[in-house]
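Breakdown of the fold
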Amino acid sequence: MATGRTDPQRRERILAATLDLIAEEGLARVSHRKIAARAGVPLGSMTYHFSGIEALLREAFRRFTDHIVDVFDTYLSAAADCEQARTAVVDLVHALSEGRQRDLVLTQELYTLAARRPEYRELTQEWMRRSRRHLEKHFDPDTARQLDALIEGLTLHRALARRPHSRELTLESVTRITTTERRNDES
């Protein structure tokens, strides 16, 4: 860890420590003092880099949403056709639900905060728009919106279930939503 006056990674460590603490202890237990200790920085660094805890939380959650959008991009960018996009969505749901518990907890913490506070609702709306853009490369906007909600729901259900549903059920769900548009186009 760098010490002294020059520490170019300090801001990044503060943001990472903030997200780690939220995931481990919950948003209500996060404080400047705990974040500084976790990041290994002097307490004064907190106010040097961020105007207050709200600015820090918004930036940390913005960083988290960027990460999730990057995950969407990783799975969906290689799909060349609708069938590959369906498979990519299934892979995405299973990766998110079987992945780090940290991301699941952070998602729920952000949603709870957004339900209470308009500035976080704006952040989640932007996150949803960005995620849907990746889906809209393969599906029409209405289908992409439905699929985005399905991804969230299936991910949460799989992550919390004692016996998570199978890949086949995920594929069946994705196929049902995405083939509706084709049937309507053929009519």
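Structural data are supplied above this passage.
Residues numbered from 1 in each chain as written. Predicted model: local features only at pLDDT ≥ 70, side-chain atom pairs only at ≥ 80, totals over all residues. Heavy atoms only, no water.

1. Remarks on the pattern of salt bridges
Tallied over the entire structure, the rule returns 18 salt bridges. Two residues, Glu25 and Lys34, come together in a salt bridge whose shortest N-O distance is 2.9 Å. It is possible to trace a salt-bridge network through shared partners that takes in Asp20, Glu24, Arg38, Arg100, Arg102 and Asp103. (Salt bridge = Lys/Arg side-chain N within 4 Å of Asp/Glu carboxyl O.)

2. Some points on the packing of helix α1 (residues 10–25) against helix α2 (residues 32–39)
For the pair α1 and α2, the least separation of the axes is 8 Å and the interaxial angle reads 115°. Pair α1 / α2 crosses with right-handed handedness. Residues Arg13, Ile14, Ala17, Thr18, Asp20, Leu21, Glu24 and Glu25 of α1 form the contact with α2, whose own contacting residues are Lys34, Ile35, Arg38 and Ala39. Class assignment of the residues belonging to the contact of α1 with α2 gives a composition of five nonpolar, one polar and six charged. (Axes fitted to C-alpha atoms, helices over the stretch in contact; angles between N-to-C directions. Helix = DSSP H or I, 4+ residues; strand = E, 2+ residues; numbered from the N terminus. Left-handed = near helix turned anticlockwise from the far one by under 90°. Contact = heavy atoms within 4.5 Å. Nonpolar A, V, L, I, M, F, W, Y, C, P; charged D, E, K, R; others polar.)

3. As for the nonpolar core
Formed by 49 residues in total, the largest nonpolar core has its most connected members in Ile14, Ile35, Phe61, Tyr120, Leu135 and Ile151. Secondary-structure elements contributing two or more residues to this core are α1, α2, α4 (53–76), α5 (82–98), α6 (101–116), α7 (118–136), α8 (141–160) and α9 (167–186). Broken down by element, this core gets its largest block of residues, 10 residues, from α4. With near-sequence residues (within four places) excluded, Phe61 lies in contact with Leu19, Ile22, Leu27, Leu106, Glu109, Leu110, Leu113, Tyr120 and Leu123. (Core = buried A, V, L, I, M, F, W, Y, C linked by side-chain atoms within 4.5 Å. Buried < 20%, exposed > 50% of the residue type's maximum accessible area, 1.4 Å probe, protein only.)

4. Section: the environment of Thr124
Here Thr124 is to be found in helix α7. Given a relative accessible area of 3%, Thr124 falls into the buried group. With 11 residues separating them in the primary sequence, Thr124 and Leu113 have C-alpha atoms 9.8 Å apart. The residues contacting Thr124, other than those within four sequence positions of it, are Leu110, Tyr111 and Ala114.

5. Points about α7
Here α7 is 19 residues long and its end C-alpha atoms lie 26 Å apart, about the 27 Å a rise of 1.5 Å per residue gives. Among the residues of α7, Tyr120, Leu123, Thr124, Trp127, Ser131, Arg132, His134 and Leu135 are the ones counted as buried. The secondary structure elements touched by the buried residues of α7 are α4, α5, α6 and α8. (Expected span 1.5 Å × (residues − 1).)

6. Description of empty space enclosed by the protein
Enumeration over the complete set of coordinates arrives at two cavities of 30 Å³ or more. In this structure, the largest cavity occupies an estimated 160 Å³ of space. Counting residues per element, the ones that place at least two in the lining of the largest cavity are α4, α6 and α8. For the lining of the largest cavity, the per-class residue count stands at seven nonpolar, three polar and two charged. Here the second largest cavity defines a volume of roughly 30 Å³. Mapped by element, the contributors of at least two residues to the lining of the second largest cavity are α4, α7 and α8. (1 Å grid on protein atoms, 1.4 Å probe; cavity = no way out; pocket = protein on both sides within 12 Å on 5 of 7 lines; lining within 4 Å. Points joined across faces, edges and corners; volume = space filled by probe spheres on them.)

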